[in-house]
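What follows is each chain in one-letter form.
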Amino acid sequence: MASRPLRILGSTALSLLIAGSAGGPSLALPASAPGDGAVTPEACAALGYASTGNRDPITLQAGKRTRLTQTAPTSAAPPPPPISPVQEQFAGPPPPPPPPPPPPSAQMAYRSATDVGSFPPVRPGFTPPVRDTEKYPGAAANPVKRVAEEPVSTFSIDVDTAAYANVRRFLNEGAAPPRDAVRVEELVNYFDYGYARPSAKEPPFKPTVAVVPSPWSRDRQLLHIGVQGYAAPRAGQPPLNLVFLIDTSGSMSGPDRLPLAQKALNVLIDQLRPQDRVAMVAYAGSAGAVLSPTDGRSKLKMRCALTALQSGGSTAGGRGLELAYALAKQNFDPKAVNRVILLTDGDFNVGIAEPARLKDFVADQRKSGVYLSVYGFGRGNYNDTMMQALAQNGNGTAAYVDSLQEARKLLRDDFDSVLFPIADDVKIQVEFNPARVSEYRLIGYETRLLNREDFNNDQVDAGEVGSGAAVTAIYEITPVGATPSSDPLRYGAKPPLTAGGSELAFLKIRYKPPGDSTSKLIERPIGAGDVRPSLAAAPESTRFAIAVAAYGQKLRGDPWIDAGFDWDAVTSLAQGARGDDPYGLRAEFVQLARAAKDVNGG
């Protein structure tokens, strides 16, 4: 991680933003300013975002462009910015003081009275070295459970897709992904399976179930559960109150980091409506606001603010989060979707930087009604552990952006499901009938498991689902009479029960409408009518989901896939279930399965 500081062009202090929203000095556009258009130096200068290089920085002050005075360094350092009580509690120790400045001939010092922190210029063309320090949350594959001993399985839903794009990045580079980088549920949930949709807003979910023979284990079956969310009409969606929190530290240098993040946010800006509002916060060694709350008619102003960002410095991510939450809460609208959108490589190293402490901070902040979505970038130092801790505890989602194409999928094609929630704290519970099922294994969701009693406890946090999104889960089950994975008990074994008739299991879905504190329940039995006699007779969605689940398990090296079910079998199963593929995502998956065979030696 580089220690060189950040330069932000067009930065303002939070105090000015708050004053502007309360009727004080405003950063509003002039009446004649264009709403959108080409980002040119002249257009951005007219909006107060002018960049003339390191020798002549310009910043915003109370709605007008102010040229900063160039002065030679003095022996006395400027006083540090004031620290709020929240910063003092969560930000941790301040970063170490910078080294003595070089002689005036080598570097000039700049400072703005409205900066939150001090941002001297970065050496032109500086790119910090990237070490291979990627971090992933470790989780062993779920074990096989005996129904007679533990008949109930409970987990939080997960609509994140970060693992899919990250695994794709490794395979496209000709490398096998680390085992812990592969979360099977995030691979499976990357795709739209075309499940039947709810016809009304309540209940917001409609389950689809299929039970088929397992293609990788002769004695077992696969239980495929799809839960489709209600797709609310765009015209009826609430306004958005968004804060873009952008990591501009030195580790975000490189075309796949800050430049790609800027392009991704421009895709999101394209989707904004007049009633939506966006503010921006950037952070490196310090945190500063670069755009006051601006409505969706002023897209060019947002684009100019993005263009002004440059990378450099250490990473005070905790302070950036604090400032972004403060800004979102200052402009909180109970009728809007209030959300912080964090774009980072997750490599926090100044202030509060431990995942456990950030988890507690974000969990406390979600009580305000402000959600957090996290978008990861970069390679070599990507901290997936941090990203997961933030997203899972911030009532939001996590994604990884490896290309502009992925940014378009997330922030254009999936815009509604990413930004407009239809349910919070969504949990799934399956109770298996010991008269029909002797064993089960949940494929994936290792980091989302809940205790049985958590299902009915509305104080226990779970995942958020957006408009039109779907959740897919797959269990491997052993029917009664088939050879089990483990020997039966010699002592205390009980004969199978006969209750439940032909039911294999009972499905429960618990959720809260956004903003509510009391959950609601959806129930459905899983019976003989859901069983298909062969995999070939299964729905296309089931066959493709099973292919993706097999791909993920084989990448992880999980021990449950028979050796005879090789990569060619995965590819063949996926190829036969491609179906309607308007965006080419399933065709791309077939190629990734072939690439996985190559990097894993067949």
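Use the structure listed above.
The rules behind the values
Along each chain, residues carry numbers from 1 onward, in the same order as the chain's sequence is written. Confidence filtering applies because this is a predicted model: local features only for residues at pLDDT of at least 70, side-chain atom pairs given and counted only at 80 or more, and all residues used for totals across whole chains, interfaces and linings. Hydrogens and water are ignored here; the side-chain numbers use all heavy atoms of the structure. Only DSSP runs of H or I reaching four residues or more are called helices, and only runs of E reaching two or more are called strands; each is numbered from the N terminus. The buried label goes to any residue with under 20% of its type's maximum accessible area, the exposed label to any with over 50%, and the partly exposed label to all in between, with areas taken from a 1.4 Å probe on protein chains only. What makes two residues a contact is simply this: any of their non-hydrogen atoms within 4.5 Å. Each accessible area is a Shrake-Rupley result for a 1.4 Å probe, and residues are judged covered by the shown protein chains and nothing else. Here a salt bridge means any side-chain nitrogen of Lys or Arg lying within 4 Å of a carboxyl oxygen belonging to Asp or Glu. DSSP bridges decide pairing: two strands pair if at least two such bridges lie between them. A pair of aromatic rings is counted whenever rings of Phe, Tyr or Trp (Trp by its six-membered ring) have centres within 6.5 Å, and the orientation is called stacked for planes under 30 degrees apart, edge-to-face for over 60 and tilted otherwise. As a rule, the C-alpha atoms of each element are fitted with a line to give its axis, helices using only the stretch in contact, and angles between N-to-C directions run from 0 to 180 degrees. Two cysteine sulfur atoms form a disulfide, by the criterion used here, when they sit within 2.5 Å.

## Some words on the overall build of the protein
Secondary structure summary: the protein contains 15 helices and 18 strands in total. The buried share of the protein, taken over its 602 residues, is 55%. Of the contacts made within the protein by residues no fewer than 6 positions apart, 82% connect residues no fewer than 24 positions apart. On the protein, roughly 24,500 Å² of surface is accessible, and the fraction owed to carbon and sulfur atoms is 53%.

## Structural notes on the pattern of salt bridges
On inspection of all chains with the given rule, the structure shows 34 salt bridges. Members of the salt-bridge network, linked through shared partners, are Glu-173, Asp-256, Arg-257, Asp-345 and Arg-379.

## Structural notes on the pairing of strand β15 (residues 463-466)
On β15, burial covers both faces: Gly-463 and Val-465 on one face and Glu-464 and Gly-466 on the other are all buried. Taken together, the 3 bridges between strand β13 (residues 421-432) and β15 define a ladder with antiparallel strand orientation. Directly across from Ala-423, in β15, lies its bridge partner Val-465.

## A short note on the packing of aromatic side chains
Summed over all chains, the structure comprises 20 aromatic pairs. Seen in terms of ring centroids, Phe-191 and Phe-544 are 5.0 Å apart; in terms of plane orientation they differ by 75 degrees. Their pairing is edge-to-face. Of this pair, Phe-191 sits in the loop between α5 (184-188) and β5 (205-213) while Phe-544 sits in helix α13 (residues 540-556), and the two are 353 residues apart along the sequence. The same class applies to Phe-191 and to Phe-544, which are both buried. Considering the side-chain rings of Tyr-325 and Phe-361, the 6.0 Å spacing of their centres and the 85 degrees angle between planes classify their relative orientation as edge-to-face. With Tyr-325 in helix α8 (residues 317-330) and Phe-361 in helix α9 (residues 355-365), this pair connects stretches of sequence that are 36 residues apart. Across this residue pair, the class does not change: Tyr-325 and Phe-361 are buried.

## Section: the sheet that holds strand β10 (residues 337-344)
The 6 strands lie next to each other as β9-β8-β7-β10-β11-β12, forming an open sheet whose pairing is mixed. Looking along the sheet, the strands with just one partner apiece sit at the ends: β9 (287-295) and β12 (398-400). For this sheet, the mean angle separating the axes of adjacent strands, direction not counted, is 15 degrees. Across 7 bridges, strand β7 (residues 240-247) lies against β10 in parallel orientation. Within β10, the position partnered with Phe-244 by the bridge is Ile-341. Together, β7 and β10 form the strand contacts of helix α6 (residues 258-270), whose direction differs from that of β7 by roughly 170 degrees.

## Digging into helix α4 (residues 162-172)
Extensive coverage of α4 is indicated by the burial of 10 of its 11 residues. Residues Ala-162, Ala-163, Tyr-164, Ala-165, Asn-166, Val-167, Arg-168, Arg-169, Phe-170 and Leu-171 constitute the buried set of α4. Those residues of α4 that are buried are in contact with α5, α10 (384-393), β12, α11 (404-413), α13 and α15 (585-599). Immediately downstream of α4, the backbone of Gly-174 shows phi near 80 degrees, a positive value.

## Looking at the sheet that holds strand β3 (residues 145-146)
In spatial order, the strands read β3-β14-β16-β6-β5; together these 5 strands make up an open sheet with antiparallel pairing. Each edge of the open sheet carries a strand with a single partner, namely β3 and β5. Across 5 bridges, the pairing between strand β14 (residues 437-442) and strand β16 (residues 470-479) is antiparallel. Among the inter-strand pairings, Tyr-440 is bridged to a residue of β16, identified as Ile-477.

## Side note on the state of the cysteines
Using the criterion set out here, one finds 1 disulfide in the structure. With its sulfur 2.1 Å from that of its partner, Cys-44 forms a disulfide with Cys-304. Since a negative S-S torsion denotes a left-handed disulfide, the Cys-44-Cys-304 link at about -85 degrees is left-handed. Placement of the pair is Cys-44 in helix α2 (residues 41-46) and Cys-304 in helix α7 (residues 299-307), with a sequence separation of 260 residues. Residue classification places Cys-304 among the buried positions, given a relative accessible area of 1%.

## Examining the pairing of β13
Within β13, 11 of the 12 residues are buried, which leaves it mostly tucked inside the rest of the structure. Bridge count for strand β4 (residues 152-156) against β13 is 5 bridges, and the pairing is antiparallel. By the bridge assignment, Val-152 is partnered in β13 with Glu-431. Two strands pair when backbone bridges link them, and β13 and strand β17 (residues 505-512) are joined in this way by 7 bridges, in the antiparallel orientation. Looking at the pairing, Phe-432 lines up with Ala-505 of β17.

Remember that the coordinates give geometry; whether it matters functionally is a separate question.
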